[in-house]
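A structural walkthrough
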Amino acid sequence: MYALYPVLWVITLALSPTGASEPRAIPLPHGMSDVSLENFRIVTGAGDPELRWLFARQVANSLIVSFATAATAVAIATPAAYALARFEFVGKRTGLRGMLLTQMFPGVASAVPLYLILDALRLLDTRLGLVLVYAATAVPFAVFQLRGAFMAIPVDLEEAAMVDGATRTQAFLKVALPAARPAISVTMLFAFMSAWNEFILAATLLGRESAFTLPVVLQSYVGEYNTQWGAFAAGAIIVSVPVMALFYVAQRQLLSGLTAGGVKG
């Protein structure tokens, strides 16, 4: 109930005809007269083909950037995490400490150098530039998450496969990788969510309205002198739908993946 209470306020605010909600103990509409979809029409641009196309493009921006970030982060982190879990080599501990160090600083601390780098590469205002920035911040977390998962898989399974004639690569692809699938799913989901919800870097690196992601679109409803709280709440609900759908689809993988790597770290 404690967690659901703010959600009830957002839903009531989104359905409010006036876009304002009266302060009361139970934030529910009094009747059908208190329910309207006008705020959702404002956000999606219903009735205006140009605004509707713009919103569809902004939704596509968020989906493409988030999925590409998750895929890139997992593709880079999986072999790196396996190597860190199974092999000893020069610079291993230093590399791990370096990646841990990058997690201690907030993303906004790197906003200026990232802006200058993307400007030099002519990648400002592009999905590719945002994917590269998000993937760079997601890879260290993904490496730590997957390294723990690979360390929790008994090395005896891979050694048994190699005794039967499998190469090291085949042992990785056919034994370790399937066993780590729940952890990989969870890591991909976290990378997707971090890119889907990120605002500060997107607002800094994107200038064109057609290139905005959904968090930047939401911020446009909060002005210096006037705030469209009803539209903001309706947009927040729309933004939450894809993440809720992903959690529902991947709930079985999540339950096993969240505990993967919990034995060894």
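Residues numbered from 1 in each chain as written. Predicted model: local features only at pLDDT ≥ 70, side-chain atom pairs only at ≥ 80, totals over all residues. Heavy atoms only, no water.

In terms of helices and strands, the chain carries 13 helices and zero strands. Put simply, the chain runs from its N terminus to its C terminus through helices and strands in the order α-α-α-α-α-α-α-α-α-α-α-α-α. A buried classification covers 36% of the 265 residues belonging to the chain. When contacts within the chain are restricted to residue pairs at least 6 apart in sequence, long-range pairs at least 24 apart make up 70% of them. When the accessible area of the chain is evaluated, it comes to approximately 15,300 Å², of which 67% is carbon and sulfur surface. Of the charged side chains in the chain, 17 are positive and 15 negative; the average position of the first set lies 10 Å away from that of the second. (Helix = DSSP H or I, 4+ residues; strand = E, 2+ residues; numbered from the N terminus. Buried < 20%, exposed > 50% of the residue type's maximum accessible area, 1.4 Å probe, protein only. Contact = heavy atoms within 4.5 Å. Areas by Shrake-Rupley, 256 points an atom, 1.4 Å probe, with all protein chains shown as cover. Lys, Arg positive; Asp, Glu negative; His and termini not counted. Charge placed at Lys NZ, Arg CZ, Asp CG, Glu CD.)

With that out of the way, let us pick up the pattern of salt bridges. This model, assessed by the stated rule, comprises five salt bridges. Arg-41 is the salt-bridge partner of Glu-38, the closest N and O atoms lying 3.6 Å from each other. A residue pair is termed a helical-turn pair when its members lie 3 or 4 positions apart in one helix, as Glu-38 and Arg-41 do in helix α2 (residues 38-44) at three residues. (Salt bridge = Lys/Arg side-chain N within 4 Å of Asp/Glu carboxyl O.)

Put simply, helix α7 (residues 155-163) and helix α8 (residues 168-179) touch, their axes get as near as 9 Å, and they point 130° apart. Classed by the angle they form, the pair α7 and α8 counts as oblique. In this structure, α7 crosses over α8, and the sense of that crossing is right-handed. Along its contact with α7, which presents Leu-157, Glu-158, Ala-161 and Met-162, the element α8 presents Arg-168, Ala-171, Val-175 and Ala-176. Of the residues contributing to the contact of α7 with α8, the split by class is six nonpolar, no polar and two charged. (Axes fitted to C-alpha atoms, helices over the stretch in contact; angles between N-to-C directions. Parallel < 35°, antiparallel > 145°, perpendicular 65-115°, else oblique. Left-handed = near helix turned anticlockwise from the far one by under 90°. Nonpolar A, V, L, I, M, F, W, Y, C, P; charged D, E, K, R; others polar.)

This next bit is on helix α4 (residues 92-102). The α-helix advances 3.6 residues per turn, and as a result positions three or four apart in sequence lie on the same side. Of all the residues in α4, the buried ones are Lys-92, Leu-96 and Met-99. In a view along the axis of α4, the buried residues occupy a sector of 65°, so they form one face of it. Summarising the geometry of α4, the exposed residues directed more than 90 degrees from the buried face are Arg-93, Thr-94 and Arg-97. Those residues of α4 that are buried lie in contact with α3 (49-86) and α6 (127-152). (Arc of directions from axis to C-beta.)

Before going further, it helps to spend a moment on the environment of Phe-55. In this structure, Phe-55 sits in helix α3. Taking relative accessible area as the criterion, Phe-55 reaches 11% and is therefore assigned buried. Spatially, the C-alpha atoms of Phe-55 and Ala-77 are 33 Å apart, while their sequence positions differ by 22 residues. Contacts of Phe-55, omitting those with residues within four sequence positions, involve Val-43, Thr-44, Leu-214 and Ile-238.

All right, on to unusual backbone geometry then. Notably, Arg-122 is not glycine yet its phi reads approximately 60°, a positive angle. Residue placement: Arg-122 occurs in the loop between α5 (111-120) and α6. Given a relative accessible area of 75%, Arg-122 falls into the exposed group. Its identity as a non-glycine residue notwithstanding, Asp-125 has a phi of 65°, on the positive side. By the element assignment, Asp-125 lies in the loop between α5 and α6.

Scanning the entire structure with this criterion turns up eight aromatic pairs. Taken together, a centroid distance of 5.4 Å and an interplanar angle of 80° make the contact between Tyr-82 and Phe-150 edge-to-face. Within this pair, whereas Tyr-82 is found in helix α3, its partner Phe-150 is found in helix α6, the two being separated by 68 residues in sequence. Neither residue differs from the other here; Tyr-82 and Phe-150 are each classed as buried. (Phe/Tyr/Trp six-rings, centres within 6.5 Å; stacked < 30°, edge-to-face > 60°.)

Below, the discussion takes up the nonpolar core. Counting residues in hydrophobic clusters, the biggest one holds 59 residues, and the most contacted among them are Leu-130, Val-133, Tyr-134, Leu-146 and Phe-150. The greatest single-element share of this core, amounting to 11 residues, is contributed by α6. In contact with Phe-150, not counting residues within four places along its chain, are Thr-78, Ala-81, Tyr-82, Ala-85, Arg-86, Phe-172, Ala-176, Leu-177 and Ala-180. (Core = buried A, V, L, I, M, F, W, Y, C linked by side-chain atoms within 4.5 Å.)

Our next topic: the packing of α3 against α8. Packing of α3 against α8 brings their axes to within 12 Å, and their N-to-C directions diverge by 105°. Of the possible angle classes, the one that applies to α3 and α8 is roughly perpendicular. For the pair formed by α3 and α8, the contact residues are Thr-78, Pro-79 and Tyr-82 on the first element and Arg-168, Phe-172, Ala-176 and Leu-177 on the second. Looking at the contact of α3 with α8 residue by residue, the classes come out as five nonpolar, one polar and one charged.

What follows covers a nonpolar patch on the surface. On the surface, Leu-100, Leu-101, Met-104 and Phe-105 cluster together into a nonpolar patch covering about 440 Å² of accessible area. Within the secondary structure, Leu-101 is located in helix α4. (Patch = residues over 30% accessible without salt bridge, like charges linked within 9 Å, V, L, I, M, F, W, Y side chains within 5 Å.)

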